[in-house]
Amino acid sequence: MSMAVLGLIVGMALGFAGYFGGFAAFLLVAALGAVGFVVGRFLDGDLEPGEFFRTRDRRR
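Below you will find a few notes about this structure. Computed from a predicted model, the values in this text were never measured in an experiment.

Conventions adopted
- Per chain, the residues get numbers from 1 upward, laid out in the order the sequence is written.
- Local features in this predicted model are restricted to residues whose pLDDT is 70 or higher, and side-chain atom pairs enter the listing and the counts only when it is 80 or higher, whereas totals over whole chains, interfaces and linings include all residues.
- The side-chain quantities take in all heavy atoms of the structure and omit both hydrogens and water.
- Secondary structure elements follow DSSP: runs of H or I of four or more residues count as helices, runs of E of two or more count as strands, with numbering from the N terminus.
- The buried label applies to any residue whose accessible area, calculated with a 1.4 Å probe on protein chains only, is under 20% of its type's maximum; exposed applies above 50%, and partly exposed to all values in between.
- In summary, the charge assignment counts Lys and Arg as positive and Asp and Glu as negative, without counting His or the chain termini.
- A single reference atom marks each charge: NZ on Lys, CZ on Arg, CG on Asp, CD on Glu.
- Given the number of residues in a helix, its expected span is that number minus one, multiplied by 1.5 Å.

## Here's the deal with the overall build of the protein chain
Counting secondary structure elements, the protein chain contains two helices and zero strands. With the C-alpha coordinates of the protein chain rotated into their principal frame, the extents come out at 50 × 30 × 20 Å. Counting the 60 residues in the protein chain, one finds 5% classified as buried. A gap of 9 Å separates the mean positions of the 6 positive and 5 negative side-chain charges of the protein chain.

Shown next as structure tokens:
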């Protein structure tokens, strides 16, 4: 599935949530989508848990 199609599906889900559930539902769907994205990246092996806790200083 291309990123354009995935973006279309996510946009439609957010649109439906905003239209039928209001702004709070829109925010809930957006937040859960972001969490699902990060979990999916962990499961694919694209992210490591240490990347969130490392300092940005790269002088070592």
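## Regarding helix α2 (residues 23-44)
The end-to-end C-alpha distance of α2 is 31 Å, a good match for the 32 Å that 22 residues give at a rise of 1.5 Å each. One or two steps after α2, the chain reaches glycine 45, where phi turns positive at roughly 90°.

## Some points on helix α1 (residues 3-21)
The first and last C-alpha atoms of α1 sit 26 Å apart over 19 residues, in line with the 27 Å expected at 1.5 Å per residue. Glycine 22 lies just past α1 and shows a positive phi near 90°.

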